[in-house]
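Below are the chains, spelled out letter by letter.
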Amino acid sequence: MKNFIYLSIISFLFAACGGGGGDDPVTPPVTNTAPTVPVLVSPTDGKLCLDNTVSLQWNQSTDTEKDPIVYQIQVAKDNGFNQIVNTLNNSTINSSLTLEKNTAYYWRVQASDSKGLSSAYSAIFKFYTAGTAVVNHLPFAPELVQPAINSALSTATASLKWKASDVDAGDLLTYDVYFGTTNPPTAKVAENISASSFDVTLDATKEYFWKIVVKDNKGGETVGQIWKFKTN
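Residues numbered from 1 in each chain as written. Predicted model: local features only at pLDDT ≥ 70, side-chain atom pairs only at ≥ 80, totals over all residues. Heavy atoms only, no water.

A.B. asks: Help me understand the sheet that holds strand S2 (residues 47-49), please; the structure alone is not making it clear to me.
C.D. replies: Sheet strands associate in pairs through backbone hydrogen bonding, adopting either a parallel or an antiparallel arrangement. Strand order in the open sheet formed by 5 strands is S2-S8-S7-S4-S5, and the pairing between neighbours is mixed. The open sheet is flanked by S2 and strand S5 (84-90), the only strands paired with a single partner. Strand-to-strand twist across the sheet, computed as the mean angle between neighbouring axes with direction ignored, equals 25°. Judged from the 5 bridges that link them, strand S7 (residues 103-113) and strand S8 (residues 125-129) form a sheet pairing that is antiparallel. Within the sheet, the bridge partner assigned to Tyr105 lies in S8 and is Phe127. (Pairing = 2+ DSSP bridges. Helix = DSSP H or I, 4+ residues; strand = E, 2+ residues; numbered from the N terminus. Axes fitted to C-alpha atoms, helices over the stretch in contact; angles between N-to-C directions.)

A.B. asks: Help me understand the pairing of strand S6 (residues 94-98), please; the structure alone is not making it clear to me.
C.D. replies: Put simply, side chains in a regular strand alternate between the two faces of the sheet. Only one face of S6 is buried, namely the one carrying Ser95 and Leu97, since none of Asn94, Ser96 and Thr98 on the opposite face is buried. In this sheet, S6 lies alongside strand S3 (residues 53-59) in antiparallel orientation, the contact comprising 5 bridges. Following the sheet pairing, Leu56 is matched in S6 by Ser95. (Buried < 20%, exposed > 50% of the residue type's maximum accessible area, 1.4 Å probe, protein only.)

A.B. asks: Would you explain the sheet that holds S3 in this entry?
C.D. replies: Taken in spatial order, the 3 strands make up an open sheet running S1-S3-S6, and their pairing is antiparallel. The open sheet has two edge strands, strand S1 (39-42) and S6, and neither has a second partner. Between one strand axis and the next, the sheet turns by 30° as a mean value, whatever way the strands run.

A.B. asks: Got a minute to help me understand the layout of surface pockets in this structure?
C.D. replies: Unoccupied space between atoms shows up once a probe the size of one water molecule is rolled over them. Quantified by volume, the largest pocket comes out at close to 210 Å³. Around the largest pocket, the lining is made up of 17 residues, and of these Lys77, Asp78, Gln83, Thr222 and Val223 lie nearest the centre. Elements with a minimum of two residues in the lining of the largest pocket: S7 and strand S16 (221-223). The element contributing the most residues to the lining of the largest pocket is S7, with 3 residues. When the residues that make up the lining of the largest pocket are grouped by side-chain class, the tally is 8 nonpolar, 7 polar and 2 charged. (1 Å grid on protein atoms, 1.4 Å probe; cavity = no way out; pocket = protein on both sides within 12 Å on 5 of 7 lines; lining within 4 Å. Points joined across faces, edges and corners; volume = space filled by probe spheres on them. Nonpolar A, V, L, I, M, F, W, Y, C, P; charged D, E, K, R; others polar.)

A.B. asks: How should the side chain of Asp168 be read in this particular structure?
C.D. replies: Checked against the element boundaries, Asp168 lands in the loop between strand S11 (157-163) and strand S12 (174-180). Within the buried core, Asp168 has no salt-bridge partner, and the shortest N-O distance to an opposite charge, that of Lys218, equals 5.0 Å. There is a polar contact of 2.6 Å between the side chain of Asp168 and the backbone nitrogen of His137. Each residue touching Asp168, except ones within four places of it in the same chain, is listed here: Asn136, His137 and Lys218. (Lys, Arg positive; Asp, Glu negative; His and termini not counted. Salt bridge = Lys/Arg side-chain N within 4 Å of Asp/Glu carboxyl O. Polar contact = N/O pair within 3.5 Å; in protein donor to acceptor, adjacent residues only side chain to side chain. Contact = heavy atoms within 4.5 Å.)

A.B. asks: Can you help me understand the pattern of salt bridges in this one?
C.D. replies: Should their charged atoms come close, side chains of opposite charge can pair. For the structure on display, the rule yields 8 salt bridges. Salt-bridge contacts for Asp45 lead to Lys126; the nearest nitrogen and oxygen are separated by 3.3 Å. Of this pair, Asp45 sits in the loop between S1 and S2 while Lys126 sits in strand S8, and the two are 81 residues apart along the sequence. Exposure remark for Lys126: the relative accessible area of 6% places this residue in the buried category.

Next comes the structure, spelled out in structure tokens:
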């Protein structure tokens, strides 16, 4: 009987010291989130800058965890950012740099927190630095509208669409369209068209490449980057 009482007391003590059998609250792990995407402010998209020393400005990103933010600024001579001329890292929301005169530039900004997470890049803005006694500026590189890069189409035709602009007021833009299954495309399927779209016929299970050459009515022209899509 005494042994039974002793065992009961010991069992009760173990149960009392067991901490409630796992009832302690569990602290969930802290999840880090990337900063918000920066919004570009200045120079405004498509601006003709009168000086080749340009001040780039954007709105401040926010971070849910209030981590310090660093911005990466990329400036390129093409809107595909294959010809990057400057990459800056800055903790403030502005940066100044001196560039070539009479040149079209494209820029974008990405925000990164101190824990290594980055936002997507901002929208791409473009501007032109003025030159000395320049009468005509080249058109900006054409921008893709559709089909999206690397998209897969299940149709027998497609409407190629793009947009382009020029800082010279009154310039009339026309387009040459290159399209085919070779990279780069060499077949000119349309020439000097004023519309910013062109319909093409497709075959199944092919990969297509296309580009646009935009021309103004003063002899200036700009060759666009190569875009691609495939068919199912």
